[in-house]
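Read off the chains here:
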Amino acid sequence: MDPVRRVLFVNPGRELGGAEHSLLLLLGALPGLGVEPTVAVFGDGAFQSALAWLDVPTVVLDVPERLRRASRYALPSRLVGAGLLATTAISSALRLATLTKQLKADLLHSNGLKAHVLAGLAGRIARRPVVWHLRDFPPGGLVGRLFRAAARRLPSLVIANSAAVAGAIRSEANSGPPVIALLNPVDLDRFRPGPVAGPVRAELGLAADTPLVGMIAHITPWKGHEDFLAIACAVGDAVPEARFLVVGGPIYETEGHAGYAESLRRCAVELGLAERVFFLGGRDDIPEVLAALDVLVHCPTAPEPFGRVLAEAMAVGRPVIAAACGGIPEIVRDGETGYLVAPRDIGAFAAAIVRLLGRPELRAQFGAAGRRRAEALFDVRAHATRVLDAYRCV
Ligand code: UDP
Ligand code: GLC
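### Regarding the pairing of strand β9 (residues 243-247)
The side chains of a regular strand alternate between the sheet's two faces. Where burial is concerned, most of β9 is hidden: four out of the five residues are buried. Pairing between strand β8 (residues 212-216) and β9: five bridges, direction parallel. Paired with Met215 across the bridge in β9 is Val246. In the sheet, β9 pairs with strand β10 (residues 277-281) via four bridges, with the strands oriented parallel. Bridged to Phe244 within β10 is Val277.

### Observations concerning a nonpolar patch on the surface
Where nonpolar side chains cluster on the molecular surface, the patch consists of Ile90, Leu94 and Ile125 and spans about 260 Å² of accessible area. Tracing the backbone through its elements, the reader meets Ile125 in helix α5 (residues 113-126).

### Notes on the site of ligand 2
Taken together, 13 residues form the shell around ligand 2, and within it Asn161, Asn184, Glu304, Phe306 and Gly307 come nearest. Asn161 has a polar side-chain atom sitting 3.0 Å from an oxygen atom of ligand 2. The separation between an oxygen atom of ligand 2 and a polar main-chain atom of Arg308 is 3.4 Å. Among the elements that make up the shell around ligand 2, the one with the highest residue count is helix α1 (residues 18-29) (three residues). Class assignment of the residues belonging to the shell around ligand 2 gives a composition of four nonpolar, five polar and four charged.

### Thoughts on the sheet that holds strand β4 (residues 107-110)
Taken in spatial order, the seven strands of this open sheet run β3-β2-β1-β4-β5-β6-β7, and their pairing is parallel. The sheet terminates laterally at β3 (58-60) and β7 (179-181), the two strands that pair on one side only. Adjacent strand axes in the sheet meet at a mean angle of 20 degrees, parallel and antiparallel pairs treated alike. Pairing of strand β5 (residues 130-134) with strand β6 (residues 157-160), which is carried by four bridges, proceeds in the parallel orientation.

### Thoughts on the pattern of salt bridges
Applying the stated criterion to the full structure yields 13 salt bridges. Measuring nitrogen to oxygen at the nearest pair gives 2.8 Å for the salt bridge that ties Glu375 to Arg371. Pair noted here: Glu375 and Arg371 are both in helix α15 (residues 360-377), with a separation of four residues, about one helical turn. Here Glu375 falls in the partly exposed class, since its relative accessible area comes to 44%. For Arg371, a relative accessible area of 15% translates into the label buried. Close ionic contact of Arg392 with Asp389 constitutes a salt bridge, the shortest N to O distance being 3.5 Å. Within this pair, Arg392 and its partner Asp389 are both found in helix α16 (residues 380-393), separated by three residues, close to a single helical turn. You can call Arg392 partly exposed: its relative accessible area is 45%. If you follow the salt bridges from partner to partner, you end up with Arg5, Arg6 and Glu36 in one network.

### Focus: the site of ligand 1
Lining the immediate surroundings of ligand 1 are 19 residues, of which Gly18, Lys223, Arg283, Arg308 and Glu312 lie closest. Separating an oxygen atom of ligand 1 from a side-chain N or O atom of His218 is a distance of 3.1 Å. Taking Glu312, its side chain carries an N or O atom lying 2.6 Å from an oxygen atom of ligand 1. Considering ligand 1 on its own, with 540 Å² of exposed area, one finds that the protein chains cover 90% of that surface. Broken down by secondary-structure element, the contributors of at least two residues to the shell around ligand 1 are α1 and α12 (308-315).

### Observations regarding the sheet that holds strand β13 (residues 338-341)
Strand order across the open sheet formed by six strands is β10-β9-β8-β11-β12-β13, with parallel pairing between neighbours. Bordering the open sheet on either side are β10 and β13, each of which pairs with just one other strand. Each strand axis lies, on average, 20 degrees off the axis of its neighbour in the sheet, ignoring direction.

Rules of the game
- Residues numbered from 1 in each chain as written.
- Chains lettered and ligands numbered in written order.
- Predicted model: local features only at pLDDT ≥ 70, side-chain atom pairs only at ≥ 80, totals over all residues.
- Heavy atoms only, no water.
- Buried < 20%, exposed > 50% of the residue type's maximum accessible area, 1.4 Å probe, protein only.
- Helix = DSSP H or I, 4+ residues; strand = E, 2+ residues; numbered from the N terminus.
- Pairing = 2+ DSSP bridges.
- Patch = residues over 30% accessible without salt bridge, like charges linked within 9 Å, V, L, I, M, F, W, Y side chains within 5 Å.
- Areas by Shrake-Rupley, 256 points an atom, 1.4 Å probe, with all protein chains shown as cover.
- Salt bridge = Lys/Arg side-chain N within 4 Å of Asp/Glu carboxyl O.
- Near = heavy atom within 4 Å.
- Polar contact = N/O pair within 3.5 Å; in protein donor to acceptor, adjacent residues only side chain to side chain.
- Nonpolar A, V, L, I, M, F, W, Y, C, P; charged D, E, K, R; others polar.
- Axes fitted to C-alpha atoms, helices over the stretch in contact; angles between N-to-C directions.

In short, geometric facts, not functional conclusions.
Next up, the structure:
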C-alpha cells in the first residue's frame, strides 16, 4: 500500500494569492492520484470557498490575531513581542499536532512561512514527516537566521517553487533535508490563447488596435507598482495612444499594506496618468484580462520567487517583459518568449515595451513560443505526480 495517503495541508493566507492558486491546482489533482487532502486554514475567505468548491475538506485552525497579522514587513522588534509571538506559535502548533493525529494524517504539507514553522513543530510533536512548500525567499535579519535554522531541522523535505528559491535555502542547509525545485503549475485549459478584442477591451471602451500594456499583481509594496507607473510615463512619451492596466487587489491582511492601494491611485494622478492608466482592482477573469493585453509587464522591486502571472501570460500566448531576478529567468526566455530587463531599470523596461508595441509579428512569435513553453513546463498533472514522488522519498 502507498505509505502516503492522507495529507494535512497548512495554509495561512485566507485570500487567493499566488501561493493559494498554486496549491489549489495541486489539491485538485491529488485525489486522482490516490491522495486524500485536508487543509488547515487560518479562517474563512476566498481560499476556503475555493476549497469547498473543489470538495477538499477544511479545518479552521484557531490562530490568534497576533500571529495571523505578523508579516515579514512588520515583525516585532522587541524581545517581549517576539516572545509573545513564539508562545502563540507554540500553542497553535500543539492544536495542529492534535489535528494531525485526529485525522490520522501520514504527512504535513505546509504552504507559507508561518505554516512552515507551525507544521514543522506540529510534525515533531505528532511524529509525522513534514514537507515545506517554500514559495518565498527566506526573510533577512534575525528572523531569517532562525528560519534557516528551522529549515535544517523541521522539514523532511523542502519543495521550492523555483531553482532560485531552492538555491537560497539550500546554500546554508547543506546539512539539512533535501531541497527540490518544482515550478508551479498553470491550468492550461483555462489559460489559453484568445482574441485581443474581447470582454475586457469592450468593458473599458478600448479599440482592438489601442496598444495595451498591463501589470497584474496583488497590491503589495515589493511588486513594483510605482515603477510600473514611471514606466507608463516613459512609454507614453513615445507612444501617446498606449493605455495601461493595473490589475490586482489589496488581498493581504498582514501589517504593512494599509493605504497602499489609495497611494498608488494618487501617484498616477500626480504623474498625469489619470486618463491613461486603468486601475481594475482584483479580478477573477485573469485569462480574459491577459488576452486583452499586447504585453504583460512584471517589474518587482525585490526578487520574485516565481511569478505565476508570467506563466499564465505565456499560456495565453502573450509576450512578457520582466525583471531578470529571482525565479523569473526560469520562466521567461529572453528574446524568445519576451524580454528580461535589469530590475528597476525604468528606461530599459520602457524601451522594450515600445519595441514590442511597434512589432506585432514579434509579439505573435513570442506569444506562440510562450504557449509552447507553458505546455512543456506547467502541466498540472505532471506537477502533482512530482509532488507525489517527493512524498514517497520522505
Ligand atoms: N490574480 C487574480 N486576480 C487578480 C490578480 C492576480 O486572480 O486581480 C492571480 C494571478 O492570476 C496569479 C496570482 O493571483 O495566479 C498571483 O500570483 P503571483 O505568483 O503572480 O504573485 P503573488 O501575489 O503570489 O506574489
Ligand atoms: C508566492 C510568491 C510568488 C509565487 C507564488 C506561488 O506568492 O511570492 O512568486 O509565484 O507564491 O508559488
